[in-house]
Amino acid sequence: MTRIPFNRARATVLFAAAVLIVAASCERKTLLDEVRVEYDAGRYREALFLVRHHFRRGGARTPPLLFAMGRSYLRLGIEAEAEDAFAEVYSIDSTYAPRIADELRTEAVRNLEEGNESRGRRFVVQAINYDRNLSFGRWDALAGELLIEQRDYEGAIPLLDRWLAERPDTVGAAARLIRDTASAPSVHAWSAGAMIVAILPG
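Nothing here was measured: the structure is a model prediction, and the numbers come from that model. (Residues numbered from 1 in each chain as written. Predicted model: local features only at pLDDT ≥ 70, side-chain atom pairs only at ≥ 80, totals over all residues. Heavy atoms only, no water.)

Caption draft 1: A look at the packing of aromatic side chains. Taken as a whole and assessed by the stated rule, the structure comprises 4 aromatic pairs. Between Phe67 and Phe86, the ring centres sit 5.9 Å apart and the planes meet at 45 degrees, which makes this aromatic pair tilted. Residue Phe67 is found in helix H4 (residues 63-75), and its partner Phe86 is found in helix H5 (residues 79-92); the two are separated by 19 residues along the sequence. Like Phe67, the residue Phe86 is buried in the burial classification. Here the aromatic rings of Tyr90 and Tyr130 are separated by 5.6 Å at their centres, their planes lie at 75 degrees, and the arrangement is edge-to-face. Linking Tyr90 in helix H5 with Tyr130 in helix H7 (residues 117-130), this pair joins segments that are 40 residues apart in sequence. Note on Tyr90: relative accessible area 38%, which makes it partly exposed. Tyr130 sits in the partly exposed class, given a relative accessible area of 22%. Taken together through their ring pairs, the aromatic side chains of Phe67, Phe86 and Tyr96 make up a single cluster. Between Arg61 and the ring centre of Phe55, over which it is positioned, the NZ or CZ distance is 4.4 Å. (Phe/Tyr/Trp six-rings, centres within 6.5 Å; stacked < 30°, edge-to-face > 60°. Helix = DSSP H or I, 4+ residues; strand = E, 2+ residues; numbered from the N terminus. Buried < 20%, exposed > 50% of the residue type's maximum accessible area, 1.4 Å probe, protein only. Lys NZ or Arg CZ within 6 Å of the ring centre and 35° of its normal.)

Shown next as structure tokens:
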């Protein structure tokens, strides 16, 4: 008879311990959570280390982790590895394209504003490769110019249209240039005029 209370007490303790273990495991952060904490704190090397360590141990190369790796490489200025990580993400899940493009656009604008034009131009081209409908704000003309250099006239038109819409004083100049080149095919006429307007100061 004296054993019954002892067993009940022991069962209660074991049950309580099990509840605590389950609660603790629910509160445990996932790897992706840990990576995000490091990244958000500006500790990009630490975020990168966590992801690479996971991959070295045979962990799954999931799009969220690959995307986090690409972002970390990007912030560290390691462009080739960032590009490879983003390409792998896209090959697994193409719905990441807008997010990848946004990261590259942010990097492009930051570099252009800091005067790193060659680096900024590279990121503009990479971003557009993932999302043709991006806007680069006051750098739309440059983005359009880069597409014209690649002979992608159709892709350049929306960028240059947006840029011109924000600068009504240059619309007349663009119209004159296009009119003056009217003998050329329409797309080439537009691109010739837009190219010149794109490099005008303003």
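The structure having been displayed, the exposition proceeds.
Caption draft 2: Region of the structure containing the nonpolar core. Formed by 44 residues in total, the largest nonpolar core has its most connected members in Met69, Phe86, Ile100, Leu104, Val124, Ile128 and Phe136. Every element with two or more residues in this core is listed here: helix H2 (31-40), helix H3 (44-56), H4, H5, helix H6 (97-113), H7, helix H8 (140-149) and helix H9 (153-165). The greatest single-element share of this core, amounting to 7 residues, is contributed by H4. If near-sequence neighbours (up to four positions away) are discounted, Phe136 is found in contact with Arg105, Ala108, Val109, Val124, Ala127, Ile128, Ala143 and Leu159. (Core = buried A, V, L, I, M, F, W, Y, C linked by side-chain atoms within 4.5 Å. Contact = heavy atoms within 4.5 Å.)

Caption draft 3: Quick peek at the environment of Leu31. If you trace the backbone, Leu31 turns up in helix H2. Note: C-alpha distance between Leu31 and Val51 (20 residues apart in sequence) is 8.0 Å.

Caption draft 4: Structural view of the environment of Val124. Structurally, Val124 is set in helix H7. The sequence separation of Val124 and Arg105 amounts to 19 residues, and the corresponding C-alpha distance is 6.2 Å. Setting aside chain neighbours within four positions, we find Val124 in contact with Ala108, Leu112, Phe136, Ala143 and Leu146.

Caption draft 5: The arrangement of H2 in detail. Turning to H2, its buried residues number three or more, namely Leu32, Val35, Glu38 and Tyr39. An end-on view of H2 places all buried positions within 125 degrees of arc, on one side of the element. Buried residues along H2 sit against H3, H4 and H6. Note on H2: the residue one or two positions beyond its end, Gly42, has a positive phi of about 80 degrees. (Arc of directions from axis to C-beta.)

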